[in-house]
Structures are given as structure tokens and as C-alpha cells.
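These are the residues of each chain, in order.
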Amino acid sequence: MDELIEQFAIEARELVQQASDDLMALEADAGNREHLESAFRAIHTLKGSVGLFDLGPMQDVLHHAEDLLSQARTGTIAVDAPLINPLLSVIEWVDDSIDAIVETGHLSDAQDKQASRLLGLLKSEMTEREADEPTGPSKVIPDWALLLAERLPSADTSGTTIAIRYEPHPECFFNGDDPLATISRLPDLRHLSLSLRELTVSLKDYDPFRCNLVIEAISGGPLSKLEAEFRLIPDQVTLVELPQSDDQRPSAPTDTVPERLADRQMTMRVDSARIDRLIEIAGELVTAKNGLAPLAEQARGHGDGALARSIGSSHEEIERLVASLYSAVTHARMIPLEQTFRRFPRLVRETSTKLGKTLDLVIEGETVEADREIVENLFEPLLHLIRNGLDHGIEPEGERLQFSKPARGRILLRARKRGDQIEINVIDDGRGMDLERIRKTAVDRGLMTAAQAAVLPDGEAMQLVFAPGFSTAPDVSDLSGRGVGLDVVQRSIQRLGGTLDIRSALGSGTTFTLRVPISFSMTKLMVVEAGGERYGIPISDILETQKLPMQAIQPIRAGRAFILRDRTIPVLDLADLLQIPRANPASADLKVLVVRAGDDQIGVIVDNIAERAETLTRPLSGLLQGFPGLAGTTLLGDGRVLLVLDIEELIR
């Protein structure tokens with residue numbers, strides 16, 4: 001992929017998200033000046049980025065969207081739903097177009113046709129606004145213009161005065177623009193002030209090829225001559241005619257630049273692949289560190305106790321340093337959940353409009369941080385749960401009013417840190433789950449008999465919604481009824497090493513609780529042998545180990561079991577589970593791992609228990625990706641690759 005296109009895609013997605021957030025905020029609070037300015041800057045910058053490529057239709061659409069926001073900034077038009085709706089449609093279209101631009105370098109035919117439709121929508125909106133708005137200059141004076149007027153001596157306020165705010169595009173030098181030369185040509189210049197768009201804290205961050213200026217000035221006019229001077233860059237300039245009276249001027253502003261400079265923190269964009277490489281190096285160091293322990297044992301076996309103690313001391317020091325390095329690198333991978341959460345308001349707005357439902361999405365705890373891979377992989381399962389609440393949970397407005405509920409539904413997306421885990425709740429105040437309907441659906445789909453469903457406890461009946469292919473939706477739609485949903489969510493969360501619980505009360509709503517680890521950390525493994533091969537099993541999955549004589553294993557129906565403290569434990573052979581040849585037993589005693597599989601305890605026979613190791617488990621890739629029963633791979637101290645088993649999935 002071309003490097004310029006790749007950089008464009010990264011920045012475009014960020015700008016699209018920023019514009020979407022600001023427009024959604026304006027829909028809730030039309031008077032929020034900060035969000036209006038931020039939305040304008042995002043679309044303005046996006047238009048500039050698009051101008052680097054042969055994307056004429058997109059540039060035209062963004063130009064008209066920018067014009068609408070520019071009029072809203074000057075107070076010429078009102079910020080309301082008829083303005084925000086087409087702008088959000090533009091943002092959604094740009095978002096959908098980015099992948100095609102990355103792949104082909106241009107818009108697809110379908111997206112090109114949508115550009116014409118959006119352009120017509122924006123033009124009609126501008127025409128209607130112009131027809132509705134009274135003619136003549138706007139009487140709304142922006143705050144920056146009033147503050148600028150305060151700096152002008154009273155002797156210079158006679159006659160007409162025009163406040164000028166000129167924000168040159170960062171790449172203006174490459175377009176042949178000279179901002180200071182442009183300002184110097186203005187007539188009757190009475191005041192000039194320069195500031196930085198972005199504060200820099202060191203010379204090493206200074207880029208002489210990018211313009212970082214914000215130029216504010218006051219001129220005696222006339223307005224027509226100023227407009228002529230800026231005719232080639234109208235999108236970068238705002239002109240406001242100042243009132244001659246002092247009644248609208250605020251008190252002199254205080255200089256807060258030093259405080260903002262002190263609070264500013266440096267951020268740096270780093271390719272995630274570089275962080276991943278550091279994780280791999282940390283894992284290799286863990287492997288190398290693990291190789292020191294056998295060396296110490298060998299030295300001790302040869303009678304060299306001093307060398308063994310020296311190696312052991314080095315092993316402990318390296319272990320401490322590797323742990324510190326690993327902690328620092330994993331922290332570098334941490335990003336806030338906001339990266340995922342902020343994508344939902346626009347999706348909820350679009351879906352609720354399609355369903356004809358009114359609701360509020362409340363987000364809490366978006367600043368909680370987790371590993372980048374976990375945050376990114378949470379999007380799909382959370383999207384399923386939120387759509388489930390929208391489609392199945394939240395009732396139509398009329399139905400809610402019949403049950404004395406607020407007309408607007410509510411979905412709460414909340415995240416909290418719980419030790420080394422994150423707990424995420426998706427809570428709706430909808431109709432809740434009807435357990436009798438769930439039981440009936442299970443019988444209709446042949447999952448159980450009517451007699452079994454009648455005696456099924458409520459807790460187990462609730463878990464039926466996680467069965468593959470289970471759905472209570474009577475009709476197939478874009479959102480539900482296809483039998484794909486909650487089972488996919490559960491598997492996705494389990495792949496992240498987490499759990500998913502559900503609670504629901506008929507008529508009151510449903511709560512889904514996800515618990516996932518904050519980061520992928522080093523895992524303690526028990527290395528076992530089966531069929532002449534070595535495998536790793538997380539020690540957290542093993543309840544205990546047992547050494548049993550052959551006669552302790554008794555046949556029960558089609559399987560085998562043994563008695564452990566008055567409890568019957570089913571027994572399986574790891575070689576059989578892996579479908580590999582079983583090695584001939586070297587002794588009459590069997591080595592059995594007692595593991596937990598759901599609420600049950602299962603005995604797993606292995607040929608030998610080799611050692612324990614603390615390693616970094618890598619996710620599966622290539623042909624092994626998605627292979628059932630395998631959790632990942634790791635390296636042993638001797639350099640051999642070890643397959644790490646998901647013992648619970650293997651047993652199922």
C-alpha cells in the first residue's frame with residue numbers, strides 16, 4: 001500500500017470520528033461553541049487531505065459541508081437537526097469510502113453515485129437556509145472577535161472596523177501561500193496578533209514546512225476589499241464587522257498560555273507493529289531467562305555449587321529486569337476504551353431511527369485503559385449486545401408509555417476496573433427476557449423436550465440464549481432472527497480470556513456483564529507429555545494432579561472414571577483428545593490432571609508431567625488460527641516451540 005494513502009487512511013478515520021463525535025454533541029447541545037469549532041476543523045482538515053488525491057466528488061461534498069458549518073460558526077444559520085442530519089450522512093459516507101480508497105486509490109461507482117446525492121442534499125439545505133434567513137450581515141459577534149476588539153485602543157475604534165481571524169492551512173506553503181505577506185496587503189491595519197495553533201514544548205518538534213500560525217487582526221475595511229484579498233482562501237478566514245458601541249465587549253481576558261503550556265503532554269504516534277515487536281522481544285527474553293534454571297541444575301549436578309549459585313543469582317536479576325521490561329511494554333500498548341466506545345453513538349442513532357425507537361445511549365468509564373488488542377476486539381461483541389438491546393429489549397414509545405415507563409429508552413454502556421480485569425456492563429431498561437418464551441423456543445427447535453424445559457431452573461433457562469443458532473425473533477431482519485448473535489459474543493469474549501454473564505427481569509430490562517483481562521500477561525504453564533509430544537496447559541486450569549494405579553480407573557457406561565474424595569471424576573486421555581497415537585505406559589501408575597470444565601471436574605491422563613514454566617503465549621496464526629482446543633504457542637528455554645492447549649474447549 002502506498003505510504004501516503006496509508007497515512008491518509010489513518011488520519012481520515014480519526015477526523016471522521018472527531019467530526020462524528022462533535023456533531024452528535026451538537027445535536028444534544030446546539031449552543032456548544034467548542035464542538036462546533038471542532039467539527040468545522042475536522043471537516044476542513046479532511047477536505048485538505050482529500051485534495052492530495054484524485055477524489056473530486058468527495059472534495060466537493062466536503063467543501064459544501066464545510067460551507068454549512070462556516071455559516072453556523074458566524075451565526076448566519078442555526079445549528080439544528082436539519083443541519084446535522086445531512087452532515088452526519090456525509091461523515092458516514094466518507095467513513096464507508098476509506099477502505100475502497102485504500103484498496104483502489106479512488107471511489108467506487110456506488111460511492112461516486114452517493115456523492116451526487118449528498119451534494120444535492122447539501123445544496124438544497126443551503127438554498128433553504130438562504131431563503132429562510134433574513135438578508136444583511138449577521139448581528140451575532142463571535143467571542144474571539146469581541147476579545148480582539150478589547151485590545152484595540154479607543155482612539156482606533158472610529159468608523160467601521162473588521163475583525164479578521166486567519167487560520168492558514170498547515171500545508172499552505174506547498175500551495176504557494178505566504179500568510180504574513182497576505183496580511184501585510186490589508187488596508188488600514190490597526191491591530192495584529194500572532195499565536196500558535198498547537199503549542200510546542202521543544203525545538204525538536206518544530207517543522208519549518210508546516211504553518212502553525214493563527215493570525216488575528218483588525219482592519220478599517222472596507223469589507224469588500226478584505227473579501228477580495230482573501231478570495232482564494234475563504235475557507236481559512238473569518239471576517240466579522242465589529243459594533244461601534246462598547247456594550248457587547250467583555251472584560252479583558254487573562255493570559256492562560258503558561259498554564260496550558262504546563263499542562264500539555266507530549267504524544268507520539270507509533271506504529272503498533274513496533275510495540276508488538278517489543279512484546280515479542282520481551283517474550284524471547286522470558287524464554288532465554290527460563291533457560292538459565294536448567295543450567296544451574298546442570299552445574300549443581302556436576303558438583304560446582306559456586307557456579308550454580310552464580311547462575312541462580314543472575315537468573316533472579318534477569319527475571320526482575322525482564323518483568324520490568326514486560327510491564328513497561330505492555331503499558332505502552334494500553335489505550336482507553338474510548339477508542340471503541342466512541343463508535344457506538346452514531347451507530348445507535350442510525351439503528352434507532354431505522355427501528356422507529358427513541359432512546360439515549362449513556363457511556364461511562366470510557367477512560368479505563370486496556371491492551372490495544374483487547375480494546376479493538378471488544379467492538380464486535382459489544383455491537384451485538386447493543387443491537388440486541390435495541391431490537392429485542394427497548395420497546396416502541398407507545399408500548400413503554402402503556403407500562404408507565406419513560407417514552408425514551410435507555411441503554412447504559414459502563415466500564416469499570418476490577419483488579420486485573422475490566423468489567424463492562426450493557427444495561428437496557430427494556431422489556432427483559434421472557435423465560436417461558438425461551439423454554440418454548442428451545443422445545444420448538446429440538447434442544448430439549450417439553451418435560452425437560454418444564455423443570456429447567458431459571459438460571460439454566462437463561463443460558464439457553466447462548467446456544468448456537470438460538471433466537472426468539474419471529475422474523476428475519478437486518479438485526480436479528482438469523483440465529484447468529486449471543487453465541488458469537490460468548491465465543492469472542494472467551495477468546496479474549498474473559499467471561500459473559502446475563503441477568504434479566506421481565507418488564508425491567510436486561511444486563512450483560514463482560515469481564516476481560518486488562519492485558520495479555522505472562523502465563524504459568526504446566527508442561528506435560530502425550531504421545532511422545534510436549535504440550536502446555538495453563539496452571540490456572542488445573543485443580544490438582546493425581547498419581548493413580550491402573551485398577552483405580554473403572555469403566556462406567558461408555559467411559560471411564562475414578563473416585564476422588566467420594567466424588568466420581570470422569571477420565572479422558574489427552575492423546576485421545578488430540579487424536580494422536582498413545583505412548584506405551586512406562587509404569588502401571590497413571591498421571592492424571594484434574595481440570596475444571598465448566599462446573600464439572602474432569603480427569604485427563606498424560607504420559608508424563610515434565611516441568612513448570614512462565615512464558616508469554618502468542619496467539620495462533622496461519623493454518624492453526626481458529627483450530628479448536630489450541631490457545632496459542634510459546635517457546636521453551638531450549639528453543640522448542642510448545643503448543644498451549646485450551647483444555648476446556650478440547651474436552652467439549
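Before any of the text, the structure's been laid out above.
The sections below set out a description of the structure shown in this document. Chains are numbered independently. Their residues run from 1 in the order of the written sequence. The predicted nature of this model means local features are confined to residues of pLDDT at least 70 and side-chain atom pairs, given and counted, to a pLDDT of 80 or more, with totals for whole chains, interfaces and linings taken over all residues. Processing note: side-chain calculations cover all non-hydrogen atoms of the structure and skip hydrogens and water entirely.

Right, let's talk about the overall build of the protein chain for a bit. Note on conventions: DSSP H or I runs of at least 4 residues are helices, E runs of at least 2 residues are strands, and numbering of each starts at the N terminus. Helix and strand content of the protein chain: 23 helices and 22 strands. Exposure categories follow from relative accessible area, calculated using a 1.4 Å probe and restricted to protein chains: below 20% of the type maximum is buried, above 50% is exposed, and the middle band is partly exposed. Looking at the 652 residues of the protein chain, the share that counts as buried comes to 40%. Between two residues, a contact is recorded if the distance between any of their heavy atoms is within 4.5 Å. Intrachain contacts of the protein chain at a sequence separation of at least 6 include 69% that bridge at least 24 residues. Computed by Shrake-Rupley with a 1.4 Å probe, the accessible areas treat only the displayed protein chains as cover when residues are assessed. When the accessible surface of the protein chain is totalled, it reaches about 35300 Å², and 51% of it is carbon and sulfur.

Attention shifts here to the packing of aromatic side chains. The aromatic pairing rule takes the rings of Phe, Tyr and Trp, using the six-membered ring of Trp, and pairs them if the centres are within 6.5 Å, calling planes under 30 degrees apart stacked, those over 60 edge-to-face and the rest tilted. Evaluated as defined, the whole model comprises two aromatic pairs. The interplanar angle of 15 degrees and the centroid separation of 5.3 Å between the aromatic rings of F344 and F379 together place this pair among those described as stacked. Note that F344 is positioned in helix α14 (residues 344-355) and F379 in helix α16 (residues 379-393), a separation of 35 residues in sequence. Take F344: its relative accessible area is 0%, and that puts it in the buried class. Note on geometry: a ring has a charge over it if NZ (lysine) or CZ (arginine) is within 6 Å of the ring centre and within 35 degrees of the ring normal. A cation over a ring is seen here: R73 above F40, with NZ or CZ 3.9 Å from the ring centre. Lying over the aromatic face of F379, R343 brings its terminal NZ or CZ to 3.7 Å of the ring centre.

Here we come to the nonpolar core. As used here, the term nonpolar core means buried Ala, Val, Leu, Ile, Met, Phe, Trp, Tyr and Cys residues forming a set that is joined through side-chain atoms within 4.5 Å. Judged by nonpolar contacts, the single largest core of 48 residues is most densely connected at L337, L378, L382, I424 and F512. Per element, the largest residue contribution to this core is six residues, and it comes from α16. In this structure L337 touches G365, E366, V368, V375, L378, A415, I422 and I424, once residues within four positions along its chain are discounted. Formed by 43 residues, the second largest nonpolar core is a distinct cluster that contains V61, A72, I91 and A115.

So, on to the sheet that holds strand β19 (residues 600-606). For two strands to count as paired, DSSP must find a minimum of two bridges between them. Across the sheet, six strands lie side by side as β14-β18-β19-β17-β16-β15; this open sheet has mixed pairing. Taken across any chain shown, the strands that pair with only one partner, and hence form the sheet edges, are β14 (542-549) and β15 (554-556). Sheet twist, expressed as the mean angle between neighbouring strand axes with direction ignored, is 40 degrees. Bridge count for β14 against strand β18 (residues 589-597) is seven bridges, and the pairing is antiparallel. By the bridge assignment, T545 is partnered in β18 with L593. The angle between two axes is taken between their N-to-C directions and runs from 0 to 180 degrees, where each axis is a line fitted to C-alpha atoms and a helix contributes only its stretch in contact.

The sheet built from five strands is open, its strands ordered β6-β8-β9-β11-β10 with mixed pairing. Two strands in the sheet have a free side with no partner beyond their single neighbour: β6 (359-364) and β10 (499-505). Each strand axis lies, on average, 10 degrees off the axis of its neighbour in the sheet, ignoring direction. Where strand β8 (residues 409-418) meets strand β9 (residues 421-428), eight bridges bridge the pair, whose relative direction is antiparallel. If you follow I411 over to β9, its bridge partner there is D428. Taken strand by strand, α14 contacts β6 and β8, and its axis lies near 165 degrees from that of β6.

Two elements, strand β12 (residues 523-530) and strand β13 (residues 533-538), share six bridges in a ladder whose sense is antiparallel. Paired with M526 across the two strands is I537, which belongs to β13. Here β13 pairs with strand β22 (residues 641-645) via two bridges, running parallel. In the sheet register, Y535 faces β22, and the bridge partner there is L643.

This part covers helix α18 (residues 435-444). Inspection of α18 places L435, I438, R439, T441 and A442 among the buried residues, and these make up the whole buried set. Within α18, the buried residues cover an arc of 160 degrees as seen down the axis, which keeps them to one side. Turned more than 90 degrees away from the buried face of α18, the exposed residues are E436, K440 and D444. Where α18 is buried, its residues meet α19 (450-455) and α20 (458-463). Distance and chemistry together define a polar contact, namely a pair of N or O atoms within 3.5 Å, with one atom able to donate a hydrogen and the other to accept it when in protein, and with adjacent residues in sequence counting only for side-chain atoms on both sides. Where α18 begins, one side-chain oxygen reaches toward the backbone nitrogen of E436, 3.1 Å away; that side chain belongs to D434. Note on α18: the residue one or two positions beyond its end, G446, has a positive phi of about 75 degrees. To obtain the arc, one takes the directions from the helix axis to the C-beta atoms.

Our focus in this paragraph is the state of the cysteines. In plain terms, two cysteine sulfur atoms within 2.5 Å form what is called a disulfide here. Summed over all chains, the structure comprises zero disulfides. Counting only cysteine sulfurs, C211 is the nearest neighbor of C172, a cysteine outside any disulfide, at a range of 4.1 Å. By relative accessible area, which is 0% here, C172 ends up buried.

Further remarks concern the side chain of S20. You can see S20 is positioned in helix α1 (residues 3-28). We classify S20 as buried; its relative accessible area is 2%. In terms of polar contacts, S20 uses its side chain to reach the side chain of R346, at 3.1 Å. S20 has contacts with L88, I91 and R346, leaving out every residue within four places of it along the chain.

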